Structure formats: C-alpha cells, structure tokens
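Results of the structural survey
Residue-level listing of the chains:
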Amino acid sequence: MRRFIFEVVESVRIAAQAIWANKMRSTLTTLGVIIGIAAVTLMATVINGLNQEFDKALSQLGTDVLYVDQFPWGQSTDREWWRLRNRPAIQPALAQTIRERARYADAVAPMADDDRTVQRRGRSLRAEVIGSPPQYGRIRSVQLSAGRFYTQSEERSGRNACVIGATVATELFPAVSPLGKELKLGAVPCTVVGVQEKQGDSMLGGPGSPDERVLMPFRTYDKIFGVNRRWGVEVMIKVRPGVSMDRAEDELTGILRTARDVPPGARNNFAINDQQQVRASFAGTRIAIYGVGLFLTGLALVVGGIGVMNIMFVSVRERTKEIGIRKAVGAKRRTILFQFLVEAVIVCLIGGGLGLGLSALGAMGVRALGFAATLPGQTVALAFGICVGVGILFGIAPAWQAATADPIDALRYE
C-alpha cells in the first residue's frame, strides 16, 4: 500500500513537471477538453433549469387534479381538431352533477377564463381573468400574501370581489395596499379582497402567469362577462387523498358518459386531462433536445480527447531516453504506464476546470437574459468524472507505447 501511494505521488509530481515545462503546448492540448466540458456542463445546466421551470409550471395544475374539458391536452392533427370541436361543450351544471355523484372527488369547481384589460387610475395591464367558485383556492393550492380568498356567500350573491396576482398588485397599486380598493374590469368595478404570493416567471409566461391573474367568483364572472355556452367551461376535480388517479378517472368517466348521454360502445364526447398528459406531450421534445445536446458535446469531447492523445504521443517520443533510463534502473512497466495515464488525466482535469469556469459564466449570462440556469453539484462531479474517463481512454495508447518500449532501443533513441 505504501509503495502504491509513493508511485501515485511520484507520478503526479513527474506529470506536473512535464506539464509545467510545456505550458503553451499543455494549454493548447486542453482547448478541446475545455470546449467539450463547457458544452456538456452548460447543456446540463440549461436543461436542468428548463426541467425545474417545467415542473414548476406543471405544479400549478396539481398532481391530484383531473380536468374535464371538451378537448384533450397535447398535440392533435387538424382533422382530429375538427372532429373534437363538434363535441357538445362542457356546461357549468356538469360540475354539480360530478359533485353529487363522485365518491372519489374531494372538491369540484367549474372554471371559465379570458384575457382582459385591468385598470385603475390611469394604470392598466393585460391579465387572465378567471371565474371559479371558492373551491378553486383549495384545488389549485392558492397561497395568499395578504387578505383572504372570496367566500361561498360571495359566490352565491355574485359579489364583485376578486383575488389578484402579485404583478397586478404592484402594477396597479404601486404605493398602497390593494386590500379593500377597487380596480376595473372594463367599466365594472371589483373590490380586491386578497393578493396571491409572488410565483415568479414561469414557462407559462404572459397573461397565463399566476402573477398576472385576477380570480373572482364564478357567478360574478358570468354576470360581468357571461360564460360562452358554445365553448363552455373546464371542470376541475381534486381527487381524495389515498385514491389513485386511474381509479378516480374511471369513476369520473362513468359519471360523464351517463350525464352526457353517451351510448354504450360510442366514443367519449369529452376529455379527462391531467398533468401527466402534458409531460407526455413534451417527452418527445425533451428527448430531441437531449439527443442533439449529447451528440454535439460527445463530438467536442472526442475531438478534445484526440488532441490529448496526439500530444501524449509527442510527449512519449520526446521522453523516450528518459523512459529507457527509468526502465534500466528497474522501473516496472506498470509504473511507466501509470505515470503517463496520470499526466493525461491531469491535462484533462485542468481543461475540465477551465471548462466549468466558462460554463459558470455562460449560466450567469443565461440567467441575465431571464432564463433558468442552475449548475448543481452532480453536474460538476459528472464533468470531472468525464475528464478522468477521457484522460484514461485517450491516454491509454501513448501510455502503453511508453510502458512497452524496449529499454535498449529507448536508450539509443536520439
């Protein structure tokens, strides 16, 4: 064990001396590795950030919530869309039917929405206005930073009360608390009773972001804007704790087929959606991004590895006499092999460190543009692991050439 540690320390010392003696050559050798590692880590950083944003956006839908709609979520062909648009719309009364019949439903709420201009004293912005009963707050886990959610009595009376997003609050009420104040939806005043916690930018963006949203009782929405009976509403169903989503969906399918008079054997004239469908629809895009990214980064690393291998062959030729002397005084083949492998790995690790520095700068630039980019510790560990692997893979051939050199021929080498 002591001998092995001595060999490792000695190999690192000799490798460091060789690299320091040829600083310019070593720097040029690491360029390919630098580019490869920077590409690998920056790709992983951006993809990790996108995944976090994607999961954050999906979390708004709820992992235990089913959505009854006229259309299924995800992509469909034009021909399919024309068939689906002829389905009868989901009407608000269906929510009450589900509430009465579904054993696995914890909360049920219809929802209608539209983009509207919200105003107050000369200030205005475009926001998503949602009309839904108070159960919306529980189904979508709405968190408030101030005030309260509107109540069931305000729903029954159709009171002009609303809960606003953080951006709406800061844009329309920059210097005062919005609670108890009025904003206008068109010409209709609405009293603010609550403010949502700031969610930050998400992949939803624009008026679909929770921060740019106005929530109000469903009856109030219907009174002010009117629910479009042609396109209907969306009904949200929060599944009871401990009940599987598949079981709840099967029960809901039976209730909807009965309520919408779907004959036995006929296709459903409705869609039951959940966040898993959104994940599935984006799965192909994710795979394509990963595939292109891995191909490009793999190509960069292969180019960098070939550069390391060529320079190591040059280093072996330049130090042929040194190798012969070391063998002549008793150095084992294993020791020579290990020495040159360590040198190749150190060169790659130096390139990896510089590549990580470039990647960190790139991530800062991406964040400055408003996109998500995080560099987790696992990515850093993976990058150094790749460096060691590239060093061993592309350093083994020159190291083996040095280790198997004939000592007599090596001493004669000029």
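Here, the structure is the one placed above.
What you see is a predicted model, and the numbers here were worked out from it, not measured in a lab.

Quick look at the pattern of salt bridges now. In this structure the tally under the stated criterion is nine salt bridges. Its salt-bridge partner being Arg 240, residue Asp 106 comes within 3.8 Å of it at the nearest N-O pair. Pair noted here: Asp 106 is in strand 2 (residues 105-120) and Arg 240 is in the loop between strand 9 (234-239) and helix 9 (245-259), with a separation of 134 residues, a long-range link. Given a relative accessible area of 26%, Asp 106 falls into the partly exposed group. On the accessibility criterion, Arg 240 (37% relative accessible area) is partly exposed. For Arg 213, the salt bridge is made with Glu 128, and the minimal N-O distance between the two is 3.1 Å. With Arg 213 in strand 8 (residues 213-216) and Glu 128 in strand 3 (residues 123-131), this residue pair connects regions lying 85 residues apart in the sequence. Across this residue pair, the class does not change: Arg 213 and Glu 128 are buried.

By volume, the largest pocket amounts to about 860 Å³. For the lining of the largest pocket, the elements supplying multiple residues, two or more each, are helix 2 (23-59), strand 1 (65-69), strand 2, strand 3 and helix 10 (275-318). Of the residues that constitute the lining of the largest pocket, the class distribution is 18 nonpolar, six polar and six charged.

As a further point, take the packing of helix 10 against helix 13 (residues 377-403). Two elements in contact, helix 10 and helix 13, have axes separated by 9 Å at closest approach and are oriented at 30°. Once helix 10 is placed against helix 13, the crossing between them reads as right-handed. Between helix 10 and helix 13, the contacting residues are Leu 301, Val 302, Gly 305, Ile 306, Met 309, Met 312, Phe 313 and Val 316 on the first element and Ile 386, Val 390, Phe 394, Ala 397, Pro 398, Gln 401 and Ala 402 on the second. In terms of residue class, the contact of helix 10 with helix 13 is built from 13 nonpolar, two polar and no charged.

Time to look at the packing of aromatic side chains. Per the stated rule, a full pass over the model turns up four aromatic pairs. Ring plane angle 35° and centroid distance 4.4 Å describe the contact between Phe 149 and Tyr 150, whose orientation is recorded as tilted. Both residues of the pair, Phe 149 and Tyr 150, count as buried.

All right, on to the nonpolar core then. Counting 45 residues, the largest nonpolar core has Val 68, Ile 98, Ile 164, Leu 183, Met 216 and Val 235 as its most contacted members. At five residues, helix 9 tops the list of elements feeding residues into this core. Ignoring anything within four residues of it in the chain, the contact list for Ile 98 reads Val 68, Val 108, Val 235, Ile 237, Leu 252, Ile 255 and Leu 256. In this structure, Leu 337, Val 390, Ala 399 and Ala 402 belong to the second largest nonpolar core, which totals 23 residues.

What follows covers unusual backbone geometry. With a phi close to 50°, Ser 141 is a non-glycine residue in the positive phi region. With respect to the helices and strands, the residue Ser 141 is situated in the loop between helix 5 (135-139) and strand 4 (144-147).

A word on helix 10. Counted at 1.5 Å a residue, the expected span for helix 10 with its 44 residues is 64 Å, and the 62 Å between its end C-alpha atoms agrees. Ala 283 marks the point of greatest bend in helix 10, at about 40°. Here helix 10 has its buried residues at Gln 275, Val 278, Gly 293, Thr 297, Ala 300, Leu 301, Gly 304, Gly 305, Val 308, Met 312, Ser 315 and Val 316.

Going through the model one piece at a time under the given rule, you end up with zero disulfides. Lacking any disulfide linkage, Cys 348 is separated from the closest cysteine sulfur, that of Cys 387, by 6.3 Å. For Cys 348, a relative accessible area of 0% puts it in the buried group.

Once that is clear, we can look at empty space enclosed by the protein. A probe as big as a water molecule, rolled over the atoms, marks out the empty space that is left. On inspection of all chains with the given rule, the structure shows two cavities of 30 Å³ or more. For the second largest cavity, the calculated volume is near 50 Å³. In this structure, the second largest cavity is lined by Leu 66, Ile 98, Ala 102, Tyr 104, Ala 105, Ile 237, Val 239, Ala 248, Glu 251 and Leu 252. Of all the secondary structure elements, the ones that give two or more residues to the lining of the second largest cavity are strand 9 and helix 9. For the lining of the second largest cavity, the element with the most residues is helix 9, which contributes three residues. By residue class, the composition of the lining of the second largest cavity is nine nonpolar, no polar and one charged.

Once that is clear, we can look at the pairing of strand 3. With nine bridges connecting them, strand 2 and strand 3 associate as antiparallel partners. Residue pairing in the sheet places Asp 115 in a bridge with Glu 128 of strand 3. The hairpin formed by strand 2 and strand 3 contains two residues between the paired strands, and Arg 121 there has a positive phi angle of roughly 45°. Sheet topology places strand 3 next to strand 8; four bridges connect them, and they run parallel. Counted as the bridge partner of Ile 130 is Leu 215 from strand 8.

Rules used throughout
- Residues numbered from 1 in each chain as written.
- Predicted model: local features only at pLDDT ≥ 70, side-chain atom pairs only at ≥ 80, totals over all residues.
- Heavy atoms only, no water.
- Salt bridge = Lys/Arg side-chain N within 4 Å of Asp/Glu carboxyl O.
- Helix = DSSP H or I, 4+ residues; strand = E, 2+ residues; numbered from the N terminus.
- Buried < 20%, exposed > 50% of the residue type's maximum accessible area, 1.4 Å probe, protein only.
- 1 Å grid on protein atoms, 1.4 Å probe; cavity = no way out; pocket = protein on both sides within 12 Å on 5 of 7 lines; lining within 4 Å.
- Points joined across faces, edges and corners; volume = space filled by probe spheres on them.
- Nonpolar A, V, L, I, M, F, W, Y, C, P; charged D, E, K, R; others polar.
- Axes fitted to C-alpha atoms, helices over the stretch in contact; angles between N-to-C directions.
- Left-handed = near helix turned anticlockwise from the far one by under 90°.
- Contact = heavy atoms within 4.5 Å.
- Phe/Tyr/Trp six-rings, centres within 6.5 Å; stacked < 30°, edge-to-face > 60°.
- Core = buried A, V, L, I, M, F, W, Y, C linked by side-chain atoms within 4.5 Å.
- Expected span 1.5 Å × (residues − 1).
- Bend = angle between axes of the 7 residues up to and from the residue.
- Disulfide = S-S within 2.5 Å.
- Pairing = 2+ DSSP bridges.

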